[in-house]
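# Descriptive structure summary
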Amino acid sequence: MSKKPWLNRVVPASPFALGVVRFFVHGLFLFDAVFTSYSALGSLPPTILRPTGVMKFLPWSFYDALQTHGGMLTLKTLMLVSLLLSTAGFFTPVSTKTSLLLVGFYQGLLRSFGHFNHDEMIAIYFLVVLAFTPCGDAFSIDSRLGKTRKDRPAFAYAYPILLMQLLLSWAYFSSALIKLRVAGWKYLSPDNLPALAIFHSLDNLHDTAFRGAFWLPHVREYLPYVVALVLIWELLFPLAILFRRVRWPILGIGVVFHVSTIFLMNIFFPHQLLMYVVFVNWDKAFHAKAQRKTQRRM
């Protein structure tokens, strides 16, 4: 009896698992598009726009037409239609690419107005991976209609999930490296975390206004140990890919970390936190659920 290839033992290697990831990632941006006020963005004058990156190559006449209530309504409608199709897995090879293009443009537009937030970046990278992989071969309308291939090797579904896991792990690992490179051991100073948390808690640019940061100076002597543990956790995050035994403790610490930043810094990274779905073995979860249903019927 031959053993499974190494990659298939590390990550799920099925069209169903990749399809579920597509549903969550595209569904998250669909949720954002539904509840975001595009008319408010359309009220801003194009004269304050500072296009970034490739958006500099678009003519100003395009932005003049876009920065209107009608223009932003058109953008939102296109995003809703495309994201609805890609989330449902309909015309997946096309809809996943149009969703990537529209979401990327919208995120670039926000940053052209001075917005800075890297929470969505990992999810956007996931959109890139999904747009060029067979994520619509299962858990999709396309598969129901028989418009997908059935002869792909398991590797075709395993490597996209592994790639997304690597991207998410690198985000945490590189974060720790940057902190150590820029601040060195001073990052472990007792006053570093209180100063950073109070700085974020004093501004008015966040949706929340928690004041937990002002409690931190009272426990400053313990904070270097807390910060060191966070750095170690970030450096060890890639182990979640290789070892299942440490995967859930590492992800659990991640949930606690991101929730705690809400109360201490009024900062939350919901997009990055929800990308933990790439570490879930959806095949195993689905079969376990189906087995419980069968047992209840017996």
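The coordinates are above.
Residues numbered from 1 in each chain as written. Predicted model: local features only at pLDDT ≥ 70, side-chain atom pairs only at ≥ 80, totals over all residues. Heavy atoms only, no water.

## Let's talk about the environment of Met121
With respect to the helices and strands, Met121 occurs in helix α7 (residues 121-131). For Met121, a relative accessible area of 26% corresponds to the partly exposed category. A sequence separation of 105 residues divides Met121 from Val226, and the C-alpha atoms of the two residues are 26 Å apart. (Helix = DSSP H or I, 4+ residues; strand = E, 2+ residues; numbered from the N terminus. Buried < 20%, exposed > 50% of the residue type's maximum accessible area, 1.4 Å probe, protein only.)

## Focus on the packing of aromatic side chains
Applying the stated criterion to the full structure yields 20 aromatic pairs. Their ring planes at 90° and their centres at 5.6 Å tell us that Phe23 and Phe139 sit as a pair that is edge-to-face. Of this pair, Phe23 sits in helix α2 (residues 15-35) while Phe139 sits in the loop between α7 and α8 (141-144), and the two are 116 residues apart along the sequence. On the basis of relative accessibility, which here comes to 39%, the residue Phe139 falls in the partly exposed class. The interplanar angle of 80° and the centroid separation of 5.9 Å between the aromatic rings of Trp233 and Phe237 together place this pair among those described as edge-to-face. Pair check on accessibility: Trp233 and Phe237 agree, each one buried. An aromatic cluster is present here, built from Tyr172, Trp233, Phe237, Phe257, Tyr276 and Phe279 joined pairwise through their rings. (Phe/Tyr/Trp six-rings, centres within 6.5 Å; stacked < 30°, edge-to-face > 60°.)

## Here we look at the nonpolar core
Of all hydrophobic cores here, the largest spans 57 residues; its most connected members are Leu75, Leu109, Met164, Leu168 and Phe237. For this core, the element with the highest residue contribution is α2, accounting for nine residues. Those residues within four positions of Leu75 in sequence are excluded, and the remaining contacts are Tyr38, Leu66, Leu102, Phe105, Tyr106 and Leu109. Listed in part, the 13 residues of the second largest apolar core include Val219, Val227, Leu231 and Met265. (Core = buried A, V, L, I, M, F, W, Y, C linked by side-chain atoms within 4.5 Å. Contact = heavy atoms within 4.5 Å.)

## With respect to the pattern of salt bridges
Counted according to the given criterion, the structure contains five salt bridges. With a closest N to O distance of 2.5 Å, Asp137 and Arg152 form a salt bridge. Within this pair, whereas Asp137 is found in the loop between α7 and α8, its partner Arg152 is found in the loop between α8 and α9 (155-183), the two being separated by 15 residues in sequence. Taking the relative accessible area as the measure of exposure, Arg152 reaches 28% and is therefore partly exposed. When the shortest N-O distance is used, the salt bridge between Arg149 and Asp151 registers 3.0 Å. Here Asp151 falls in the exposed class, since its relative accessible area comes to 56%. (Salt bridge = Lys/Arg side-chain N within 4 Å of Asp/Glu carboxyl O.)

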